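Notes for the structure review
So the chains spell out like this:
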Amino acid sequence: MKTIALISRKGGCGKTTLAVHLAVCAVRAGKAVALIDLDPQGSSFDWFEVRESQNELTATRASEQQLPELLKQAEIGGVDLCIIDTAPHSDSAAATAAKLADFVLVPCRPARFDMKAIPSTMAIVQLTKTPAALVVNVAPPVGKLAEEAKEALELQGYPVLETVVSGRVAFNYAVTDGRSVHEYEPDGKAAQEISELYQEIMSMI
């Protein structure tokens, strides 16, 4: 079993959106997937609950203390990929998730306040020595802002994925009724970007 943790100390960076979309992408690739929601707001679990067909993946809300046992149960139960959605401003839970994961994904919007929060997020991850990378997320679909953000982050020495995920309205429409962009608009650019992100991450783990 492989485990991906999504971590950021900055709220509003799109962690939950990426978590649920990566989960569906993995299901479409034939994997048994578990989604663990550590955020007290429970947004990813709420998304799961409104899906019409819930037998394609499993999801649960959990605390930091429950995480190790849940991961053990997932592996025993034959889960191929576990995705952990964490809360912002929760250093302890983020550190635990990062330590137990095989890979940490750190979403970052190409905006000043988001990029300034990256050092404190990466400091948590680096202490665990778990492989990690940033992904530029909720980027403007046009213009050079995403590429400029990638360059700025790389200049600071951070690993940044090639894939950029844009802030497209398809994401908003899809999650409203528990879908993913692959189910809402399978041939759209949002679905293409999520597929590229999933493939890039899986090639690293």
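Up top is the structure.
Residues numbered from 1 in each chain as written. Predicted model: local features only at pLDDT ≥ 70, side-chain atom pairs only at ≥ 80, totals over all residues. Heavy atoms only, no water.

The backbone of Lys129 shows a phi angle near 65°, a positive value even though the residue is not glycine. Judged by relative accessible area, which is 73%, Lys129 ranks as exposed. One non-glycine residue, Val138, lies in positive phi territory at about 55°. (Buried < 20%, exposed > 50% of the residue type's maximum accessible area, 1.4 Å probe, protein only.)

What follows concerns helix H4 (residues 91-100). Residues spaced three or four apart along an α-helix face the same direction, because each turn holds 3.6 residues. Listing the buried residues of H4 in full gives Ala93, Ala94, Thr96, Ala97 and Ala98. Contacts from the buried residues of H4 go to strand S1 (2-6), helix H3 (67-76), strand S4 (81-85), strand S5 (103-108) and helix H6 (118-128). (Helix = DSSP H or I, 4+ residues; strand = E, 2+ residues; numbered from the N terminus. Contact = heavy atoms within 4.5 Å.)

In total, this model carries eight salt bridges according to the counting rule given. Glu56 serves as the salt-bridge partner of Arg51, at 2.0 Å between the closest nitrogen and oxygen. Residue Arg51 is classed as buried on the basis of its relative accessible area of 5%. The shortest N-O distance in the salt bridge between Glu183 and Arg51 comes to 2.7 Å. With Glu183 in helix H9 (residues 181-184) and Arg51 in the loop between helix H2 (43-49) and strand S3 (58-61), this pair connects stretches of sequence that are 132 residues apart. Each member of the salt-bridge network shares a partner with another, and the members are Arg51, Glu56 and Glu183. (Salt bridge = Lys/Arg side-chain N within 4 Å of Asp/Glu carboxyl O.)

Right, let's talk about the pairing of strand S7 (residues 160-166) for a bit. Across the seven residues of S7, six count as buried, placing the element largely inside the fold. As for the winding sense of the linkage, the β-α-β connection from strand S6 (residues 132-139) through helix H7 (residues 145-155) to S7 is right-handed. (Right-handed = clockwise from strand over helix to strand, strands pointing away.)

A few words now on the layout of surface pockets. One simple way to see leftover space: roll a probe sized like a water molecule over the atoms. Approximately 270 Å³ is the volume attributed to the largest pocket. Lining the largest pocket are 16 residues, with Gly14, Thr17, Val138, Phe171 and Asn172 positioned closest to its centre. Elements supplying a minimum of two residues to the lining of the largest pocket: helix H1 (15-28), S6, S7 and helix H8 (169-176). Its residues assigned to classes, the lining of the largest pocket shows eight nonpolar, seven polar and one charged. (1 Å grid on protein atoms, 1.4 Å probe; cavity = no way out; pocket = protein on both sides within 12 Å on 5 of 7 lines; lining within 4 Å. Points joined across faces, edges and corners; volume = space filled by probe spheres on them. Nonpolar A, V, L, I, M, F, W, Y, C, P; charged D, E, K, R; others polar.)

Next up on the list: the sheet that holds S6. In a beta sheet, neighbouring strands pair by backbone hydrogen bonds and run either parallel or antiparallel. Spatially, the seven strands line up as an open sheet ordered S3-S2-S4-S1-S5-S6-S7, and their pairing is parallel. With one partner strand each, in any of the chains shown, S3 and S7 form the two edges of the open sheet. Going from strand to strand, the sheet's axes swing by 20° on average, the running direction of each strand aside. In this sheet, S5 lies alongside S1 in parallel orientation, the contact comprising three bridges. Residue pairing in the sheet places Ala5 in a bridge with Val104 of S5. Strands in contact with H1 are S1, strand S2 (33-37), S4, S5, S6 and S7; relative to S4, the strand with the most contacts, it is inclined by about 170°. Seen against the sheet, helix H10 (residues 189-204) touches S1, S4, S5, S6 and S7 and runs at an angle of roughly 160° to S7. (Pairing = 2+ DSSP bridges. Axes fitted to C-alpha atoms, helices over the stretch in contact; angles between N-to-C directions.)

Function cannot be inferred from these measures alone, as they are strictly geometric.
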